[in-house]
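Descriptive analysis of the structure
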Amino acid sequence: MSHHFSPITGLFGGSLLGIACAALVVCNGDILGCSGISGSVILNPRAALFEKKWETVFLSSFMITSNLYNTYVIGGANAAPNDLTNDVAYVSTLGFAIAGLLVGFGSRVGEGCTSGHGLCGLARLSKRSLVGVITFMGTGMITASLVSLSPDSILRTTAEGSLTSPYVTESLGTIILILSIFILGVSISSSVQMKTNADAAVPAGGEIIGEASGLLGGKEARGKVEQLPDDYEKFPIAAFSAALFSIGLAISGMICQYKIIDFLDLTRFADRIWDGTLAFVMGGGLMISLAGYQWVKDYGIVENQKALECPLLLDKSSGKFNIPCNTRIVDSHLLVGCAIFGVGWAIGGLCPGPGIFAFSTGNPKVVSLWFPMYIIGNVLGDKANTLFPTA
């Protein structure tokens, strides 16, 4: 077993990931899928900013927490490089670019990643997610093993070649932190304004008065006003879950690319340096996420008379659980998307959550290569879903 193997911190960090997933679904009724959350912001940024979307609050909180945790707990750009030796894999410049593209495209087409399909899908006993996890784990292991067999692979570099400028990292991290705080502020302020406008438009009887029909976020309204989405009520738990998820990733070691690659690379079994930390992370997170779903009606393993029909913190008259209903459908989109995602995951050692964490800290290669290609991959994946719809 690799000396990088860390089952205790992996289990503890994974447990935090599970708590974050459980809190979001039980309290808000939403799935903590990093690819889905980030994808919704990437594909419709205007709506994310100005239509009080909880996803924007989640993503902003995640990025702020990641930056601050990296700076004040891990040590930021001035911290000594972790295990700067040649017994682990380091991703090359080309590897970052290819990995970001494949992860973005694959997670969009396959509708999920390690968090959405893994921690949340498996917890609700979804056949679709089980097939997805098996698929991307399989292609990930094959890819990582094949890449490791080529010592001069263009997808890998040396320990020295992986180094980046601390000054550039710190500067980029500061800029991203400021932008994240700004985006969070814009999202909250626009939500408060929409809430104020809605309250002004609807008197006690529920009828629109005067010219108030033009106040509801630019939406035309007549007669009775339909209730606006409850995203404003979701903000606190969304922010909490995001922060906890970020910390869980860091504690578990899943922000270290080599720990993912060393788990997927089966050739390391022969060399007795395989790192099984990811198994403890997924195990710890899945058990707690599974416990959370026992409080969601129709998703428990056993019947629970106290299971919730409405998310805990939402209005019972309008709140609902936003859980995919196609849990037993296995189609070509799932198989192709998850297979491509697995390849990208193995090449770069980054799935959406850790990738956005690294972006938030100002990692130059992630900022300039992985993340832009991840955005492009999401856009292309969305186009592919439109051009080749499922039956």
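Bear in mind that the values here come from a model prediction, so they are computed numbers and not experimental data. (Residues numbered from 1 in each chain as written. Predicted model: local features only at pLDDT ≥ 70, side-chain atom pairs only at ≥ 80, totals over all residues. Heavy atoms only, no water.)

**Structural notes on unusual backbone geometry**
The test is simple: Strands are runs of DSSP state E lasting at least 2 residues, helices are runs of H or I lasting at least 4, and numbering of each runs from the N terminus.
Backbone geometry at Glu-111 places phi at a positive 55 degrees, although glycine is not the residue there. One can find Glu-111 in the loop between α5 (93-109) and α6 (114-121). Of note, Arg-272 is a non-glycine position whose phi angle comes to about 60 degrees, a positive value. Locating Arg-272 in the fold gives a position in the loop between α11 (267-270) and α12 (277-293).

**A closer look at the pattern of salt bridges**
Where charged atoms from two side chains of opposite charge come close, those side chains can pair. Rules: The term salt bridge refers to a side-chain nitrogen of Lys or Arg lying within 4 Å of a carboxyl oxygen of Asp or Glu. Relative accessible area decides the class of each residue, using a 1.4 Å probe on protein chains only: under 20% of the type maximum gives buried, over 50% gives exposed, and in between gives partly exposed.
A full pass over the atoms with the stated rule returns seven salt bridges. Asp-331 is paired through a salt bridge with Arg-128; the nearest N and O atoms lie 3.4 Å apart. Taken as a pair, Asp-331 in the loop between α12 and α13 (332-348) and Arg-128 in helix α7 (residues 127-148) lie far apart in primary sequence, 203 residues in all. Given a relative accessible area of 18%, Asp-331 falls into the buried group.

**A look at the packing of aromatic side chains**
Quick note on the threshold: Two rings belonging to Phe, Tyr or Trp (six-membered ring only in the last case) form a pair when the distance between their centres is within 6.5 Å. Interplanar angles under 30 degrees mark stacking, angles over 60 mark edge-to-face geometry, and anything in between is tilted.
A full pass over the atoms with the stated rule returns 13 aromatic pairs. Taking 6.3 Å as the distance between ring centres and 90 degrees as the angle between the ring planes, the aromatic pair formed by Trp-54 and Phe-58 counts as edge-to-face. Of the two residues, Trp-54 and Phe-58 both sit in helix α4 (residues 54-74), four residues apart, roughly one turn of that helix. With 4.6 Å between their ring centres and 20 degrees between their planes, Phe-269 and Trp-274 make a pair best called stacked. Through pairs of rings, three or more aromatic residues link up here, namely Phe-359, Trp-370, Phe-371 and Tyr-374.

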